[in-house]
Amino acid sequence: MWNKSLLVSIRYFCILAIIAIIVMNKINLTTSIIIFIFIFLINNQIRFFSLDKNIYKSLSFILEIIFTVIAYKWIGGYLIMYLILAAIDSNTLFKKPVKHIFNIGIILEGIILLFNESLEFKFINIVLLMVFIGILYLIQDENDKKIEAQKLYDRLRISEEKLKNANRDLELYASSIEELTLLRERNRLSREMHDSVGHALSTIVIQLGAIERIVEKDQQVAKEVTKELRKFTQNSLNEVRMAVREIKPKEFEDYEGILIIEELIKNFKKLTGVEVRLAFTKEKWPLNADQSFVIYRIIQEFLANSVRHGKATVIQIFMAFDDYKLVVTLKDNGTGRDSLIEGIGLKSMRERVVEIGGSFDYKTKLGEGFLVRIELDKVEKLKIYSQEEHYEKDQGNASR
């Protein structure tokens, strides 16, 4: 957009220059000349500041072209000032192709009015006028580019807002779908629990009542009923376990050890306010029960010692998995020590790691905190029997 204040300054400079030239030439300011100048200025100012429709602005501009001829012939002065005043309006108030026509008309007017002047004077005035119009074209071109860039920016901003709104709507939709899915899953689980566990418990209650009634009358029959009830209970328990295994994701089971460590760190940060940064390599493999337990205890001990003895405020834990081993690095920004006698805590850490075939090392220096490094070989995750499974195994062996 045009710099209106600059153009206004140039306009008034040209107007003052025209008036100054009239005064300097000591023209006899008759009433007719004063009225003419007054009409000339009113037409010029109204066109620039008040007129909106192109037809009115065009008529006013054509009238100024005529006034310029009269003013130059009657009052005199430098023609370039009149023409520059007109050129400003032709390039700021009109668009293509009208402004091209008016610019050509201004140049032709200058050539005609300067026809009887010397070639040098004619050349200087026409060249200055053309240079000034050329500068106005360049300024207009830059303004058009800025306006286009602003429009593009506005479109991009609107598109960005639309994208944000769409993303927000998508998140709300996803949240609604997730909530609906959760409600459906809860309903399914409720139905499954009612059909399996509820039916099993109801049957057990009925069978126990029957046993109570016949145990004193016929112990052999009660024994048979009890045996059948035990089998039914075992089958029902197996069904419940199968349902639980279906609900529990396999990934949770594989990486349960890591999830427990994350929960430990999360709780520690809440209780102490110490910043603990836990990081992993992209590739991970599941830890077996012994590895999970040892790493959990060592991290637990390290966190406590870092705060209690080292006065640490930041603790970093990195678990690097590769194809053959796991390297766990624990480092704090505590006070550290130049000399250290292993206490129960460090000895316990070392013993736990060595017991599962790993290596344990630490390093500390005054002012540089404490560093612990553990290496564990990759082993297949072992199956861990729960107390119920051990009971089932024992019962099976006893029945054999």
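Remember, predicted model here, so these are calculated numbers, not experimental data.

1. A few points about the confidence of the model for the chain
Point 1. The share of residues in the chain with pLDDT of 70 or more is 84%, and the mean pLDDT across the chain is 79.
Point 2. The low-confidence segment residues 381-400 (pLDDT under 50) makes 18 contacts with residues lying over four places distant or belonging to another chain.

2. Side note on the side chain of Ser90
Point 1. If you trace the backbone, Ser90 turns up in helix H4 (residues 79-92).
Point 2. On the basis of relative accessible area, Ser90 is assigned to the buried category, the value being 0%.
Point 3. A polar contact is formed between the side chain of Ser90 and the side chain of Asn91, at a distance of 3.2 Å.
Point 4. There is a polar contact of 2.7 Å between the side chain of Ser90 and the side chain of Asn103.
Point 5. Apart from residues no more than four positions distant in its own chain, Ser90 is found in contact with Phe61, Lys99, Phe102, Asn103 and Ile106.

3. A closer look at the nonpolar core
Point 1. By size, the foremost hydrophobic cluster in this structure holds 38 residues, and its most contacted members are Ile106 and Leu129.
Point 2. Those elements that provide at least two residues to this core are helix H1 (4-24), helix H2 (31-49), helix H3 (54-74), H4, helix H5 (98-113) and helix H6 (119-214).
Point 3. The element best represented in this core is H4, accounting for 10 residues.
Point 4. Setting aside anything within four residues of it in sequence, one finds Ile106 in contact with Phe61, Ile65, Leu83, Ala86, Ala87, Ser90 and Leu129.
Point 5. Residues Val328, Leu330, Met349 and Ile374 belong to the second largest nonpolar core, which totals 31 residues.

4. Some thoughts on the packing of aromatic side chains
Point 1. Taken as a whole and judged by the stated rule, the model has nine aromatic pairs.
Point 2. Between the aromatic rings of Phe61 and Phe94, the centroid separation amounts to 5.8 Å while the plane-to-plane angle is 75°, which identifies the pairing as edge-to-face. In this pair, Phe61 is assigned in helix H3 and Phe94 in the loop between H4 and H5, connecting sequence segments 33 residues apart. Like Phe61, the residue Phe94 is buried in the burial classification.
Point 3. The rings of Phe302, Phe360, Tyr362 and Phe370 are connected pair by pair, giving a single aromatic cluster.

5. Some remarks on the packing of H2 against H3
Point 1. Look at H2 against H3: their axes get within 10 Å of each other, and the N-to-C directions meet at 150°. As summarised for this structure, H2 and H3 are arranged roughly antiparallel, according to the angle between their axes. Handedness of the crossing formed by H2 with H3: left-handed. Every residue of H3 that contacts H2 at Ser32, Ile33, Phe36, Ile39, Phe40, Asn43, Asn44 and Arg47 is listed here: Lys57, Ser60, Phe61, Leu63, Glu64, Phe67, Thr68, Ile70, Ala71 and Trp74.
Point 2. Residue classes in the contact of H2 with H3 are distributed as 10 nonpolar, five polar and three charged.

Conventions adopted
Once a new chain begins, its residue numbering starts again from 1 and follows that chain's sequence as written. With pLDDT at 70 or above as the cut-off, local features in this predicted model cover only qualifying residues; side-chain atom pairs require 80 or more to be listed or tallied, and sums for whole chains, interfaces and linings still use all residues. With hydrogens and water set aside, each side-chain value is computed from the structure's full complement of heavy atoms. A score between 0 and 100, pLDDT records how confident the predictor is in each residue. Residues are treated as being in contact if the distance between any of their heavy atoms lies within 4.5 Å. Helix and strand assignments come from DSSP, with helices taken as H or I runs of at least 4 residues and strands as E runs of at least 2, each series counted from the N terminus. Whether a residue is buried, partly exposed or exposed follows from its accessible area with a 1.4 Å probe, protein chains only, as a fraction of its type maximum: under 20%, in between, or over 50%, in that order. The definition of a polar contact used here is a pair of N or O atoms within 3.5 Å, where within protein one atom must be able to donate a hydrogen and the other to accept one, and adjacent residues in sequence count solely through side-chain atom pairs. Only buried residues count toward a nonpolar core, which is a set of Ala, Val, Leu, Ile, Met, Phe, Trp, Tyr and Cys residues joined through side-chain atoms within 4.5 Å. Each pair of aromatic rings taken from Phe, Tyr and Trp, with Trp reduced to its six-membered ring, is defined by centres within 6.5 Å and is described as stacked if the planes are under 30 degrees apart, edge-to-face if over 60, and tilted in the remaining cases. The axes are straight lines fitted to the C-alpha atoms, using for helices just the contacting stretch, and the angles between their N-to-C directions are given from 0 to 180°. We call two directions roughly parallel when the angle between them is under 35 degrees, roughly antiparallel when it is over 145, roughly perpendicular when it lies between 65 and 115, and oblique otherwise. Helix crossings get a hand from a simple test, with the near helix turned counterclockwise from the far one by less than a right angle marking a left-handed crossing and a clockwise turn marking a right-handed one. Gly is put with the polar residues, along with every residue not named as nonpolar or charged; the nonpolar set is Ala, Val, Leu, Ile, Met, Phe, Trp, Tyr, Cys and Pro, and the charged set is Asp, Glu, Lys and Arg.

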